[in-house]
Amino acid sequence: MIESLAPASSARGPFRENGTLDDERAATRARRGGLLPAVALAAGAALAAGACGGRVVVDGFEPIDGTGGSGATTSSATPGSSGVGQGGAIGEGGAPPIPPLVKQEFGDVVAGEAVAVVVPPGTLGITAVAQRLTSPPSWEPIGIKNITGPDGRTLVTDYSIPGTMALFYNQGIGTAAVPQTGTAAAVPLVPGIYWITAGDGGSGPLAAPARLSVWRRQTLDGRFHGGKIDINAFIAGNAISEAYMQRALLAAYRGFVGLDVGSITVHHIGSEWASVDEERLPGVLEQTAGALGRPALNVIAVSEFHGRLAGAAGATPSAPAVAVEHGTHLSGIVVTLFEDPGVDTIILRHELGHFAGLFHTTEFDAGFADPLDDTSQCDDVLSQLEGCPDYDNLMFPTGGDLSSTMTPQQTTIVQASALYRGIVEDGGGAAAPLPAGPGTPASGAPVAPPAPSGGDARAAAPDRRAWGAALPPRAAILLGGHFCGHSAAGGAGFFARLGAAGGADAGQLLAVGRDEGAPVHARARALAAAGRSAGASARVVAELRAIAEDPRLPRQTRLGAIQGVASASPAAARALAARLIADPDEVVERMAIRAAR
């Protein structure tokens with residue numbers, strides 16, 4: 001076997017220094033309808049790994065001297081970042097006798113030509129990645145068009161799975177995985193020959209070189225034995241403190257689906273990335289170039305979402321996304337954290353579910369649901385909400401009852417993904433990370449990890465009896481739940497759905513925004529919605545301005561009020577921005593200026 005390194009991706013992309021989209025690229029995207037699958041949360045079905053020819057990369061495995069596969073690892077940090085090592089009880093045994101994660105490259109892609117991929121026994125899952133080989137990352141579509149299983153059954157058809165909102169192509173890179181469905185060939189994975197066809201998403205011939213890679217997750221006996229998730233945490237400006245970011249990641253991911261946290265490394269990116277919409281989402285993901293470790297989960301914390309993503313708390317560009325390469329348009333998840341541990345745990349876990357290949361159990365858009373056999377589905381999410389049979393599931397589109405409940409098939413999909421450093425046998429150790437790509441900056445000294453909070457990260461169901469009493473019940477559920485980019489890309493945005501659920505009364509929304517007993521994310525959304533409502537009178541705008549200007553209030557509450565002012569009156573937004581210049585909270589000042597543009 002030959003160890004090979006993926007080339008480092010450029011972090012520049014088609015953006016100016018202030019983070020705005022280059023005019024030419026913006027025009028290209030506008031001609032294609034603006035919102036590409038980068039926000040549509042591509043999700044997929046089957047993929048395969050492991051056959052004829054090509055270079056092979058192994059996950060932390062040294063086949064000659066057996067030195068790979070140490071237990072806990074400590075990531076080193078790039079200049080301007082702090083490395084945080086976090087060991088755990090999972091995977092402290094010896095080095096793995098076989099590589100847990102194997103990559104095979106199939107060379108140049110010929111659009112529409114099926115490639116045979118042999119999947120041997122012992123395989124948990126496979127992830128296929130089609131990528132245009134350009135630097136900086138290409139914005140031209142590419143993806144996985146079709147996948148056929150060993151029994152001849154089609155698992156992916158024309159970049160999708162029937163009945164889902166899956167789109168397995170994206171800007172410069174596209175991916176799909178097996179298992180992502182509940183079909184007999186997927187859970188558990190059936191060994192044999194899988195046929196994978198890459199394509200251009202229907203945009204035209206592949207003008208630049210492209211490659212197809214397949215990553216195979218394996219153990220000695222084909223059963224899951226645990227592993228460790230290494231995390232690169234990126235903070236845009238002052239979106240959240242390092243200490244809280246680390247605590248939130250530990251609380252969300254330690255023990256999740258039988259995995260542990262390996263290392264957490266904190267990086268900082270410019271404050272120009274603190275506000276993200278559907279156009280800027282691919283650009284902020286490019287900022288992960290040069291991140292440490294492979295495989296690794298990149299988590300980018302921003303201050304707010306706007307545009308079609310307004311009201312969201314998280315956005316994942318594809319399901320699955322890419323944990324084995326940094327700096328691409330699929331290289332991470334983007335979240336807003338509210339310093340509410342229960343809510344933030346759901347945000348982080350829900351988005352990781354998409355990243356690993358999970359869909360919503362049922363979509364807001366009628367007729368779409370995940371392709372699993374053991375998840376319940378709802379006839380009409382918006383009209384039923386708490387009455388839906390899948391309301392208790394983590395992947396319900398609002399995060400459900402915040403209990404993080406998952407089914408066996410959902411758990412299997414996450415465990416079969418290329419997300420983590422694996423363990424191949426009972427009592428074994430997790431593999432060491434793959435080497436960093438060429439051009440990775442020199443590392444700095446690690447610092448001590450935060451103490452874990454302990455206990456179960458499971459949150460109690462939101463109590464809306466007080467703060468939501470005056471609202472229609474469905475509107476209160478939407479305000480208090482999770483909302484992610486997948487739902488926004490699929491159809492109406494958060495505020496359109498809130499209005500359809502009866503949450504359109506400016507007075508009721510303002511009351512929630514002023515209620516100190518309401519969750520901060522519900523307050524922020526309520527204030528943003530108040531400015532969008534038909535009743536956004538001069539009095540409403542004045543109240544929103546007063547909330548935005550009050551430095552005693554939580555940051556996210558003030559940001560919600562700023563969004564509300566901007567939606568109600570551009571002139572009032574400009575006046576508010578002038579008043580918030582030199583505000584003690586730099587994030588509030590910057591977001592007010594952005595909203596006034």
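That block above? That's the structure.
Rules used throughout
Residues numbered from 1 in each chain as written. Predicted model: local features only at pLDDT ≥ 70, side-chain atom pairs only at ≥ 80, totals over all residues. Heavy atoms only, no water. Helix = DSSP H or I, 4+ residues; strand = E, 2+ residues; numbered from the N terminus. Buried < 20%, exposed > 50% of the residue type's maximum accessible area, 1.4 Å probe, protein only. Contact = heavy atoms within 4.5 Å. Areas by Shrake-Rupley, 256 points an atom, 1.4 Å probe, with all protein chains shown as cover. Arc of directions from axis to C-beta. Salt bridge = Lys/Arg side-chain N within 4 Å of Asp/Glu carboxyl O. 1 Å grid on protein atoms, 1.4 Å probe; cavity = no way out; pocket = protein on both sides within 12 Å on 5 of 7 lines; lining within 4 Å. Points joined across faces, edges and corners; volume = space filled by probe spheres on them. Nonpolar A, V, L, I, M, F, W, Y, C, P; charged D, E, K, R; others polar. Axes fitted to C-alpha atoms, helices over the stretch in contact; angles between N-to-C directions. Parallel < 35°, antiparallel > 145°, perpendicular 65-115°, else oblique. Left-handed = near helix turned anticlockwise from the far one by under 90°. Core = buried A, V, L, I, M, F, W, Y, C linked by side-chain atoms within 4.5 Å. Polar contact = N/O pair within 3.5 Å; in protein donor to acceptor, adjacent residues only side chain to side chain. Patch = residues over 30% accessible without salt bridge, like charges linked within 9 Å, V, L, I, M, F, W, Y side chains within 5 Å. Phe/Tyr/Trp six-rings, centres within 6.5 Å; stacked < 30°, edge-to-face > 60°. Lys NZ or Arg CZ within 6 Å of the ring centre and 35° of its normal. Expected span 1.5 Å × (residues − 1). Pairing = 2+ DSSP bridges.

So, about the overall build of the chain. What the chain contains, in helices and strands, is 16 helices and 22 strands. For the chain, the residues scored as buried account for 62% of the 597 residues in total. In the chain, the proportion of contacts linking residues at least 24 apart, taken out of those at least 6 apart, comes to 79%. In the structure as shown, the chain presents an accessible area of about 19800 Å², 53% of it carried by carbon and sulfur atoms.

Every buried residue of helix α13 (residues 538–548) is listed here: V540, V541, L544, I547 and A548. Considered in projection along α13, the buried side chains sweep an arc of 120° and stay on one side of the axis. Where α13 is buried, its residues meet α11 (506–514), α12 (520–532), α14 (555–568), α15 (570–579) and α16 (586–595).

Okay, the pattern of salt bridges next. Scanning the model with the defined rule gives 14 salt bridges in all. Two residues, E543 and R539, come together in a salt bridge whose shortest N-O distance is 2.4 Å. Placement of both E543 and R539 in helix α13 is noted, with a separation of four residues, approximately one turn of the helix. When the shortest N-O distance is used, the salt bridge between D583 and R558 registers 2.7 Å. With a gap of 25 residues between them, D583 in the loop between α15 and α16 and R558 in helix α14 connect regions that are remote in the sequence. The buried category is assigned to D583, whose relative accessible area is 11%. Judged by relative accessible area, which is 2%, R558 ranks as buried. Shared partners join several salt bridges into a network, and the residues in it are R514, R539 and E543.

If you walk through the whole model with that rule in mind, you get eight cavities of 30 Å³ or more. Size it by volume and the largest cavity reaches roughly 160 Å³. Along the wall of the largest cavity there are 16 residues; nearest its centre are G311, A312, A524, Q556 and Q563. Taken together, the residues that form the lining of the largest cavity break down as seven nonpolar, seven polar and two charged.

This part covers the packing of α13 against α15. Their axes nearest at 11 Å, the elements α13 and α15 cross at an angle of 25°. Judged by the angle between their axes, α13 and α15 are roughly parallel. Taken as a pair, α13 and α15 cross one another with a handedness that is right-handed. The residues of α15 that touch α13, namely those facing V541, R545 and A548, are A572, A575, L576 and R579.

With that out of the way, let us pick up the nonpolar core. If you look at the biggest cluster of nonpolar residues, it comprises 70 residues, and the most contacted ones within it are V284, L479, L498 and I562. Looking at this core element by element, the count peaks at six residues for α12. In this structure L498 touches A475, L478, L479, G503, L509 and A529, once residues within four positions along its chain are discounted.

All right, on to the environment of C388 then. Topologically, C388 is positioned in the loop between α6 (381–384) and α7 (408–415). Given a relative accessible area of 5%, C388 falls into the buried group. As for C388 and G400, which are separated by twelve residues in sequence, their C-alpha atoms are 9.3 Å apart.

The next point concerns the environment of R216. Among the secondary structure elements, R216 is positioned in strand β12 (residues 210–218). Along the sequence, R216 and T123 sit 93 residues apart, while their C-alpha atoms lie 6.7 Å from each other. Separated by 2.4 Å, the side chains of R216 and Q218 make a polar contact.

Attention shifts here to a nonpolar patch on the surface. Taken together, the side chains of V118, I193 and W195 present a nonpolar region at the surface, about 250 Å² in accessible area. Note that W195 resides in strand β11 (residues 192–199).

A word on the environment of E286. Turning to its location among the elements, E286 is positioned in helix α4 (residues 281–286). We classify E286 as buried; its relative accessible area is 0%. Of note is the side chain of E286, whose polar atom sits 2.7 Å from the side chain of H329.

On to the packing of aromatic side chains. Taken as a whole and judged by the stated rule, the model has six aromatic pairs. Aromatic pair Y159 and Y169: ring centres 5.3 Å apart, planes at 75°, arrangement edge-to-face. With Y159 in the loop between β8 (154–156) and β9 (169–171) and Y169 in strand β9, this residue pair connects regions lying ten residues apart in the sequence. With respect to burial, Y159 and Y169 carry one shared label: buried. With centroids separated by 6.2 Å and ring planes inclined at 80°, the aromatic side chains of F224 and Y420 adopt a geometry described as edge-to-face. On the criterion of sequence distance, the pair formed by F224 in the loop between β12 and β13 (227–236) and Y420 in the loop between α7 and β21 (421–422) is long-range, its members being 196 residues apart. Put simply, the rings of F364, F483, F494 and F495 touch in pairs and so form one group of aromatic residues. One residue, R532, lies across the ring of F495, its end atom 4.0 Å from the ring centre.

Further remarks concern helix α3 (residues 242–253). Under the 1.5 Å per step criterion, the end-to-end length of α3 is 17 Å for twelve residues, consistent within 8% with the ideal 16 Å. Most of α3 is tucked away, with nine of its twelve residues classed as buried. Among all positions of α3, only Y244, M245, Q246, A248, L249, L250, A251, A252 and Y253 are buried. Downstream of α3 by a residue or two, G255 has a phi angle that is positive, lying close to 85°.

This part covers the pairing of strand β6 (residues 123–132). Look at any regular strand and the pattern is simple: side chains alternate between the two faces of the sheet. Within β6, ten of the ten residues are buried, leaving the element largely enclosed by the surrounding structure. With nine bridges joining them, β6 and β12 adopt antiparallel strand pairing. Its bridge partner being in β12, Q131 is matched across the sheet by R211. With six bridges joining them, β6 and strand β10 (residues 173–178) adopt antiparallel strand pairing.

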